Amino acid sequence: MSSHQTPAAGSQTCGSSEHTLHRRLFLQGSMAAGCASVASYAGLFSIPALAEQTRREGRKCILLWLCGAPSQFETWDPKPGTATGGPFSAIDTTLPGIHVSQLMPRCATIMDKLAVIRSMKTEPSEHFQAIDLMTRGEKPRPPFTRPLLGSVVAEQLGQLDSPVPQFVLLDPCPEGNEFKAFKAGNWAGWLGAEYGPVRAGGEYSIPDILRPETISETDHSDREALRRFFSRKYENEQRSEAAASYNAAFERVKGLMSCAPLFDLEQLPEADRQRYGPGAFAQHALQARHLIENGSTFVMVANGMPWDNHVFQHEMHQMLVPELDNVLYQLVTDLEERGLLDDTLVIAMGEFGRTPWLNEARGRDHYPKAWSMAMAGGGIRGGVVHGATDELGKDVSDDPVDNRSLFATIFTALGISPDESYDLPDLPTFFRVEGDATPLADLLV
């Protein structure tokens, strides 16, 4: 059983006066892991059987986590010419009668491959609680910790015998206010440490993972075998969760040592890197494609909380949205050209939307009552726009979608039953999706 981390009072906020709720900070450092450059990966995957094994068919997922929450008005649900619409116009797409913001010309050309939900309607209006909800699919139920979407997908679809990490978080930003606090928490919950993410990107790396030249490979293997024997013996005799987590971490580092070049952006073609763009978010989206191609099951791409634009909303979105537009276009197009899109679900979303009105600093504040997100590939039908908002975008006018319906849809698209309960001895019964939520049938292939 995995117990919920004990929250403590914190003062980190995104700087908005909206942040009046008590913040819960979690213990630091539960998932920091990363990469280093070693030469063994090419040799490892020169073995045909292993290469085939790591590319075994199965559904996978890339989550473009737009932390801070983008504005639906400047992306998927423009309201040009209205009091709430802002200065940007709307443009035609490949779907007749469907428009997106003028800041998304590339995605407009692949709308037949995208599914957009314009009727997201959730409850939390503070980042920490909303991030928790939209990454786990359910409100907290202390003292139990529900695993994140990535952990569930890794547990259900991943290959634990693969040296390639099954759940990877690419986020170079050590800061990020509430997201920083969230990242320091317990991601895998009751599934256990082996289903937590490996974190890479920027300065997140593991130092000293190369075997010293003074230790032969034979000696190193013998030492590892002895360590593993005593650790397992202790774990079994003491029924120690701490020892189990320790052993899981050791196995993870061993895997990283063998496949670390997968995390080396310098080894990816320069032309691909230029197509995705120079920013960290763009480069890590490319790396996510590379990891999925080579055996990872779930890759989450984030970059702090850049979308939390309480000040100069339009100026900030004028920089952020075009990057998202290009990244999503390149990623979906790449996956399709490589024959991977049908089995790779791409999700682009934040934790809520932004207010229809501007505040005194010309920013849009937090707004969970009516917002948008997008998906493509991996069991999702392209060319669908689900739900609608009213004329000014203040509320959902058609087919509201909450966190449970969204997670039921995502799990179903990936071939995972949303109705199944977790096998948790001595714990209450938890389901992958609680309540009577049903998947959105029009979004599923």
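The chain carries the name Sulfatase in an unreviewed UniProt entry, which gives Maioricimonas rarisocia as its organism.

**Q** What is the right way to read the overall build of the chain from this model?
**A** In terms of helices and strands, the chain carries twelve helices and 14 strands. Within the chain, buried positions represent 56% of all 445 residues. In the chain, the proportion of contacts linking residues at least 24 apart, taken out of those at least 6 apart, comes to 76%. Carbon and sulfur atoms form 52% of the exposed surface of the chain, whose accessible area is close to 18800 Å².

**Q** Before we go on, may I ask you to explain the packing of helix α10 (residues 280-293) against helix α11 (residues 313-337) in this structure?
**A** A pair of packed helices is characterised by two quantities: the angle between their axes and the separation of those axes. With their axes 10 Å apart at the nearest point, α10 and α11 run at an angle of 15 degrees to one another. With respect to their mutual orientation, α10 and α11 come out roughly parallel. As for how α10 packs across α11, the hand of that crossing is right-handed. Residue-level inspection shows F281, A282, A285 and R289 of α10 in contact with α11, the latter providing E323, L324, V327, L331, D334 and L335. Across the contact of α10 with α11, the residue classes break down as seven nonpolar, no polar and three charged.

**Q** For this particular structure, what's the right way to read the pairing of strand β7 (residues 298-301)?
**A** A regular strand places its side chains so that they alternate between the two faces of the sheet. Burial of β7 is two-sided: the residues F298 and M300 facing one way and the residues V299 and V301 facing the other way are all buried. Here strand β1 (residues 60-65) runs beside β7; their pairing, made up of four bridges, is parallel. Note that in β7 the partner of L64 across the bridge is V301. As paired elements, strand β5 (residues 167-170) and β7 share four bridges and run parallel to each other. When the sheet's bridge partners are listed, F167 is paired in β7 with F298.

**Q** Explanation requested: the packing of helix α4 (residues 127-136) against helix α12 (residues 403-413) in the structure shown.
**A** At a minimum axis distance of 9 Å, the contact between α4 and α12 shows a crossing angle of 35 degrees. Where α4 abuts α12, its residues L133, M134, T135 and R136 lie against N403, L406 and F407. Taken together, the residues of the contact of α4 with α12 break down into four nonpolar, two polar and one charged.

**Q** Any chance you could explain α4 here in plain terms?
**A** Each turn of an α-helix holds 3.6 residues, which means side chains three or four residues apart point in the same direction. Counting buried residues along α4, nine of its ten residues qualify, which places the element largely inside the surrounding structure. Every buried residue of α4 is listed here: H127, F128, A130, I131, D132, L133, M134, T135 and R136. The positive-phi residue at the C-terminal boundary of α4 is G137, with phi of around 90 degrees.

**Q** What exactly am I supposed to notice about the packing of aromatic side chains here?
**A** Where two aromatic rings form a pair, the distance of their centres and the angle of their planes describe that pair. A full pass over the atoms with the stated rule returns nine aromatic pairs. Between F182 and W187 the ring centres are 5.5 Å apart and the planes differ by 50 degrees, which places this aromatic pair in the tilted class. Comparing F182 with W187, the two get one shared label, buried. On the basis of an interplanar angle of 75 degrees and a centroid distance of 6.0 Å, the ring pair of F407 and F411 is categorised as edge-to-face.

Analysis parameters
Residues numbered from 1 in each chain as written. Predicted model: local features only at pLDDT ≥ 70, side-chain atom pairs only at ≥ 80, totals over all residues. Heavy atoms only, no water. Helix = DSSP H or I, 4+ residues; strand = E, 2+ residues; numbered from the N terminus. Buried < 20%, exposed > 50% of the residue type's maximum accessible area, 1.4 Å probe, protein only. Contact = heavy atoms within 4.5 Å. Areas by Shrake-Rupley, 256 points an atom, 1.4 Å probe, with all protein chains shown as cover. Axes fitted to C-alpha atoms, helices over the stretch in contact; angles between N-to-C directions. Parallel < 35°, antiparallel > 145°, perpendicular 65-115°, else oblique. Left-handed = near helix turned anticlockwise from the far one by under 90°. Nonpolar A, V, L, I, M, F, W, Y, C, P; charged D, E, K, R; others polar. Pairing = 2+ DSSP bridges. Phe/Tyr/Trp six-rings, centres within 6.5 Å; stacked < 30°, edge-to-face > 60°.

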